[in-house]
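Take a look at the letters that make up each chain.
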Amino acid sequence: MEVKGKIIQKFDLQSGTSKAGNPWKKQNYLLETLDSFPRKIYFDFFGDRADQFPLNVGDMITLSFDIDCREYQGRYYTDIRGWKAEKIDENATAPTAPALVNDAPPAAEAPAPPAPDMNFEQSQEDDLPF
């Protein structure tokens, strides 16, 4: 899945050693979406990706992520695990409209439909088919 947004908070790097003796690290971020009703998304980069995608507060990014859920002692925990972050260039211009084929003028607008007849007079004749 993908979402675009702005990094609004960067949390401290977490690290440790697993029960198997392997080192691990995790970097958490808070992203605010660019929607008309912005949402906040708490996500992380785990392992080597914590160093591969260094992000800072204020960065505009496109985040690619997976949603993972795990059970522990009868309770369920959901993680949003990022696997790629691409920075968005805020100074990039919007794509231009495609050129007209053969420089043809744009099509004329369709005429407006006629106004409905608002003269509702009761007729003596019932013209219903049933």
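Structure shown above.
Residues numbered from 1 in each chain as written. Predicted model: local features only at pLDDT ≥ 70, side-chain atom pairs only at ≥ 80, totals over all residues. Heavy atoms only, no water.

What about the overall build of the protein chain?
Okay, so step 1: Regarding its fold elements, the protein chain presents one helix and six strands.
Okay, so step 2: If you list the helices and strands of the protein chain from N to C, you get β-β-β-β-α-β-β.
Okay, so step 3: Relative to its 130 residues, the protein chain shows a buried fraction of 22%.
Okay, so step 4: Pairs at least 24 residues apart make up 49% of the contacts formed inside the protein chain by residues separated by at least 6 positions.
Okay, so step 5: Counting every atom, the protein chain has about 11,000 Å² of accessible surface; 52% of that belongs to carbon and sulfur. (Helix = DSSP H or I, 4+ residues; strand = E, 2+ residues; numbered from the N terminus. Buried < 20%, exposed > 50% of the residue type's maximum accessible area, 1.4 Å probe, protein only. Contact = heavy atoms within 4.5 Å. Areas by Shrake-Rupley, 256 points an atom, 1.4 Å probe, with all protein chains shown as cover.)

Points about the side chain of D59
Okay, so step 1: Tracing the backbone shows D59 in the loop between α1 (49-52) and β5 (60-72).
Okay, so step 2: A polar atom in the side chain of D59 sits 2.8 Å from the backbone nitrogen of N56.
Okay, so step 3: In contact with D59, other than residues within four places in its own chain, are G5, K6, I7 and K87. (Polar contact = N/O pair within 3.5 Å; in protein donor to acceptor, adjacent residues only side chain to side chain.)

Remarks on the environment of Q9
Okay, so step 1: As for its position among the elements, Q9 is in strand β1 (residues 2-10).
Okay, so step 2: Note: C-alpha distance between Q9 and E32 (23 residues apart in sequence) is 9.3 Å.
Okay, so step 3: Excluding anything up to four places from it in sequence, Q9 contacts Y29, L30 and V57.

Topic: unusual backbone geometry
Okay, so step 1: For Q73, which is not a glycine, the phi torsion comes out positive at approximately 50 degrees.
Okay, so step 2: Structurally, Q73 is set in the loop between β5 and β6 (75-87).

Observations concerning the side chain of S64
Okay, so step 1: Along the chain, S64 turns up in strand β5.
Okay, so step 2: By relative accessible area, S64 is classed as buried at 2%.

Considering the packing of aromatic side chains
Each aromatic ring pair is summarised here by two numbers: the centre-to-centre distance and the angle between the ring planes.
Okay, so step 1: All chains considered together, the criterion is met by six aromatic pairs.
Okay, so step 2: Here F11 and Y42 contribute two aromatic rings whose centre-to-centre distance is 5.3 Å and whose plane-to-plane angle is 75 degrees, an arrangement assigned as edge-to-face. Of the two residues, F11 sits in the loop between β1 and β2 (14-17) while Y42 sits in strand β4 (residues 40-46), which places them 31 residues apart along the sequence.
Okay, so step 3: Taking the relative accessible area as the measure of exposure, F11 reaches 28% and is therefore partly exposed. (Phe/Tyr/Trp six-rings, centres within 6.5 Å; stacked < 30°, edge-to-face > 60°.)

Concerning the pattern of salt bridges
Okay, so step 1: Across all of its chains, the model carries seven salt bridges by this definition.
Okay, so step 2: With a closest N to O distance of 2.6 Å, D44 and R81 form a salt bridge. With a gap of 37 residues between them, D44 in strand β4 and R81 in strand β6 connect regions that are remote in the sequence.
Okay, so step 3: Between D79 and R70 there is a salt bridge; the shortest N-O distance is 2.8 Å. (Salt bridge = Lys/Arg side-chain N within 4 Å of Asp/Glu carboxyl O.)

As for the pairing of β5
Okay, so step 1: Note: β1 against β5, five bridges, orientation antiparallel. Pairing of E2 across the sheet is with S64, part of β5.
Okay, so step 2: Direction of pairing for β5 relative to β6: antiparallel, over a ladder of 12 bridges. Residue pairing across strands places S64 opposite K84, the latter belonging to β6.
Okay, so step 3: Counted between consecutive antiparallel strands, the loop separating β5 from β6 contains two residues, among which Q73 sits at a positive phi close to 50 degrees. (Pairing = 2+ DSSP bridges.)

Considerations on the nonpolar core
Okay, so step 1: In terms of nonpolar packing, the biggest core is built from 13 residues, with I7, L31, F43, F45, L55, I61 and L63 touching the most fellow members.
Okay, so step 2: Broken down by secondary-structure element, the contributors of at least two residues to this core are β1, β3 (23-33), β4 and β5.
Okay, so step 3: Leaving out residues up to four positions away in the same chain, L31 has contacts with V3, G5, K6, I7, R39, K40, I41, F43 and I61. (Core = buried A, V, L, I, M, F, W, Y, C linked by side-chain atoms within 4.5 Å.)

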